[in-house]
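Geometric and topological summary
Each chain, letter by letter, is given below.
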Amino acid sequence: MNFSLSSTAITATKTDCLVIGLPEKGEWPASTKAADDALGGLITQLEKTGDLAGKNAAVNTLPLVDQPWQRVIVIGTGKDADRTAASYRKCLAAMVGALKDGPSGSVLIAISDTGFSGDAASTSEDAKLNLIGRILEDQLYTFTDFKSEQPAARKLKKVVVQASDTDKALKNALNLGLATGRGMNYTKDLGNTPPNICHPVWLAEQAQAMAKDNDCIQTEILDEKQMEELGMNTILAVGKGSKQPPRLIVMEYRGGNANDKPYVLVGKGITFDTGGISLKPGEGMDEMKYDMGGSASVFGTMKVIAETQPKINVVAVIAAAENMPDGGASRPGDIVTTLSGMTVEILNTDAEGRLVLCDALTYVKKFDPAAVVDMATLTGACIIALGNQATGLLSNNDELANELLAAGERTGDRAWRLPLWEEYQSQLDSNFADMANIGGRPAGTITAGCFLSRFAKEYRWAHLDIAGTAWNSGKAKGATGRPVPLLVNYLMTHAG
Ligand code: BES
Ligand code: MN
Ligand code: ZN
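On a predicted model such as this, the values are computed, not experimentally measured, just so you know.

1. A short note on the domain arrangement of the protein chain
- Assigned domains within the protein chain: domain 1 (2-147 + 157-166) and domain 2 (193-492).
- Put simply, the middle of domain 1 and the middle of domain 2, counted by C-alpha atoms, are 38 Å apart.
- Facing seven residues of domain 1, the contacting portion of domain 2 comprises eight residues.
- Summed over both partners, the interface of domain 1 with domain 2 buries about 560 Å², with 58% contributed by carbon and sulfur atoms.
- Interface area lost by domain 1 to domain 2 is led by Arg89, Arg134 and Phe146, which between them contribute 57%.
- Joining domain 1 to domain 2, the criterion identifies zero salt bridges.
- The tally of links from domain 1 across to domain 2 stands at one residue pair in polar contact (both at pLDDT 80 or more).
- If you list the elements that add at least two residues to the side of domain 1 that touches domain 2, you get helix H4 (120-123) and helix H5 (125-139).
- Within the side of domain 1 that touches domain 2, the residues separate by chemical class into three nonpolar, one polar and three charged.

Printed below as a string of C-alpha cells:
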C-alpha cells in the first residue's frame, strides 16, 4: 500500500474515491463544504431528504459520474457535543471497513479537519494524522498464512491523506501512526502464529531477523546453559516440562546519548500455557497460544522504534518458555531459587508468568534502567476486574504510572491502575520458602503484581496485565496489537 500526505485542494486531486465527514447537524468541516460545492450541492440535498443523517460512524457510499472522483464515501461524525477521540476512532475504523474490500484503487481521505473535544495532545492535527495512519494499517490487517486458498488481491493500492500542510511535523505524525499500525500488525502476526510454530527458539529467531534487517538493533539470546550458569532457575523451572527449550531474548536499540539510561521493556513470552501439572481445563485452551502476547507487544514496539529511530535508548527483554506437563515438569510444592537469590514455592504451576518474569526483572538491573515496564497476559483475574477494555496497571512509582495512563488516554489504548498496597503482600506467604507463587483467589491481579514488585525494588517499574486486551475471543478471535500504541506513545514522550 502506498500512503502519502497532500495539501492541494481536494477538487484538484483525481482519485477513485473521496472520503469526507458529515456532522449530524452543526457546522461542516472545510473539505465537506468544498466537496459539496464541487458536486453542485449534492450533499446538502441528500441531507435535506434524510438520505444522509450524519449519525456517528455511519457509512454512505455515493457513486458519481463525470466528477474528479468516481465515488464519495460520507462518514457520519455525529453531534458536535458528542464528538470525542473515541467517536472519531470509530469513524476511522468504519471508513477503513468500507474501503478495504471496495472497488476503489485509490482514495483521498479528507476527514482530518473534523474537530472533537479533548486536550491538545489528542485533538491537534498531528494527533489526528497519527490516528488515521495507525487505524489504516491496523484495520487493513489480515492473517491468512495458513489458509490454503488466498483471498483475491485488494484493489486498494494508494491512500492519500488530506492535511492543512505537508510540512515535516505533519508527515512525521502520519508516518509515526502508520509505523505504529505496522508494529501492531507484527504483534498480531506473532500472536496469531500457531504454537507448534511459535515456540521460544522461533521467537528468538524473530529477534535475530529484526537485528539483521535493522542495523540499529542488537540482539543477544541466552540458552538454557547460559541461564543455568547465571541462576535463572525460575525460567528454567517453567520450561522444563517442554520439549521446546526456553530462551531469554535481549534486543537493544541505542538511539539516544551513550550515557542516557535506557527504557527497558520486559515481555512474558509463554508460547503455550497448558498450566503445566496444574493443568488448565480443555475448553478454549487454544487461546493460550496468546500467552506470549506481552513479548509480542515488545517485538511490535521495537519494530516501530527501529523504523522511526527516535533519540532514546530502549532495551527489550523477553522471557520465553513453553509451559507443558510431562515427567520433567515442575510440580506443585517444588521450591526454586530465583536469580535474585530469593526462593519461591511453586504452589501452582499455572502461575508461571510471574516465574519467568521475576528472573527477567532481576536480569534487567544490569542495564541501569530509566524505567522498566513489563507486559504480560498474567492473570484471568484481570479480565474479571477490567474486562476487555482496560489493561491492568500496577507500579511502584506514581509518576511512571501516570505517564503510562496518560499515554493510554492519548491513544485510546487505555490502562487502569490497581493498588499495590503493602497489605496485599502477606497473601504470598509460604511456610517453606521466601514466598509462594500464588496469593489465593482474592485480588489475583494485585497479588501477581505484588510477586513481581519484590524483584523490581531497585528501579522505577510498572507492570501491564494485558490478559483482557491482547486478543479477542469468539468469532473475531485474533490478536489486537495492544498495548503497542500505549508503549510507543510513552516512549516517544521521552525521546530527545
Ligand atoms: N496465562 C494465564 C492467565 C490468563 C488466563 C490470561 C486466561 C488470559 C486468559 C496465567 O498464566 C495463569 O494461568 N494465571 C492463573 C494464575 C492463578 C493460578 C493464580 C489464573 O489467572 O488463573
Ligand atoms: Mn498459567
Ligand atoms: Zn500464562
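After that view, the rundown keeps rolling.
2. Brief notes about the sheet that holds strand S4 (residues 69-78)
- Ordered in space as S1-S6-S5-S2-S4-S3, the six strands form an open sheet in which the pairing is mixed. Two strands bound the open sheet, and with one partner strand each, they are strand S1 (2-6) and strand S3 (59-63). Neighbour-to-neighbour, the strand axes of the sheet open up by a mean angle of 20°, direction not taken into account.
- Where helix H1 (residues 30-38) meets the sheet, it contacts strand S2 (15-23), S4 and strand S5 (106-110), and its direction lies at approximately 120° from that of S2.
- Against the sheet, helix H3 (residues 85-100) makes contact with S2, S3, S4 and S5, and its axis sits at roughly 155° relative to S4, the strand it touches most.

3. Focus on the coordination of the zinc ion (ligand 3)
- Surrounding the zinc ion (ligand 3) are the protein donor atoms Lys268 (NZ), Asp273 (OD), Asp291 (OD) and Glu352 (OE), at 2.0 to 2.4 Å.
- For the zinc ion (ligand 3), the six donor atoms in the first shell make angles of 79 to 175° at the metal, a pattern classed as octahedral.
- The sequence pattern formed by the donor residues of the zinc ion (ligand 3) is K-x4-D-x17-D-x60-E.
- A gap of 3.1 Å separates the zinc ion (ligand 3) and the manganese ion (ligand 2), which aspartate 273 links by coordinating each metal. Residue aspartate 291 is located in the loop between strand S9 (263-273) and helix H10 (293-308), and its partner glutamate 352 is located in the loop between strand S12 (343-346) and helix H11 (353-363); the two are separated by 61 residues in the primary sequence. Residue aspartate 291 shares its accessibility class with glutamate 352, and that shared class is buried.

4. As for the pattern of salt bridges
- Inspection of every chain in the model, using the stated rule, returns 21 salt bridges.
- Close ionic contact of arginine 182 with glutamate 137 constitutes a salt bridge, the shortest N to O distance being 2.8 Å. A residue pair is termed long-range when its members are at least 10 positions apart, and arginine 182 in helix H6 (residues 168-192) and glutamate 137 in helix H5 qualify at 45 residues.
- In this structure, the salt-bridge partner of lysine 188 is aspartate 138, at a minimum N-O distance of 2.5 Å. On the criterion of sequence distance, the pair formed by lysine 188 in helix H6 and aspartate 138 in helix H5 is long-range, its members being 50 residues apart.
- Its relative accessible area of 4% is what places lysine 188 among the buried residues.
- For aspartate 138, a relative accessible area of 15% puts it in the buried group.
- Among the ionic contacts, a cluster of salt bridges with common partners joins Glu24, Lys55 and Lys79.

5. Comments concerning the side chain of lysine 188
- A polar side-chain atom of lysine 188 sits 2.5 Å from a polar atom in the side chain of aspartate 138.
- Those residues in contact with lysine 188 that sit more than four places away from it in its chain are Asp138, Tyr141, Ala479, Thr480 and Gly481.

6. Topic: the pairing of strand S13 (residues 371-376)
- Buried residues dominate S13, accounting for six of its six residues.
- The alternating pattern of S13 places Ala371, Val373 and Met375 and Val372, Asp374 and Ala376 on opposite faces, both of which are buried.
- Note: S9 against S13, five bridges, orientation parallel. From the neighbouring strand, leucine 265 faces S13, where its bridge partner is valine 373.
- Here five bridges tie S13 to strand S17 (residues 461-465), and the two strands are oriented parallel to one another. Following the sheet pairing, valine 372 is matched in S17 by tryptophan 461.

Conventions used here
- Residues numbered from 1 in each chain as written.
- Chains lettered and ligands numbered in written order.
- Predicted model: local features only at pLDDT ≥ 70, side-chain atom pairs only at ≥ 80, totals over all residues.
- Heavy atoms only, no water.
- Domains from an automatic or database assignment.
- Contact = heavy atoms within 4.5 Å.
- Buried area = accessible area lost by both parts, 1.4 Å probe.
- Salt bridge = Lys/Arg side-chain N within 4 Å of Asp/Glu carboxyl O.
- Polar contact = N/O pair within 3.5 Å; in protein donor to acceptor, adjacent residues only side chain to side chain.
- Helix = DSSP H or I, 4+ residues; strand = E, 2+ residues; numbered from the N terminus.
- Nonpolar A, V, L, I, M, F, W, Y, C, P; charged D, E, K, R; others polar.
- Pairing = 2+ DSSP bridges.
- Axes fitted to C-alpha atoms, helices over the stretch in contact; angles between N-to-C directions.
- Donors = N, O, S within 2.8 Å, 3.2 Å for Na, K, Ca; no water.
- Tetrahedral: all angles 85-135°; square planar, octahedral: opposite > 155°, others 65-115°.
- Buried < 20%, exposed > 50% of the residue type's maximum accessible area, 1.4 Å probe, protein only.

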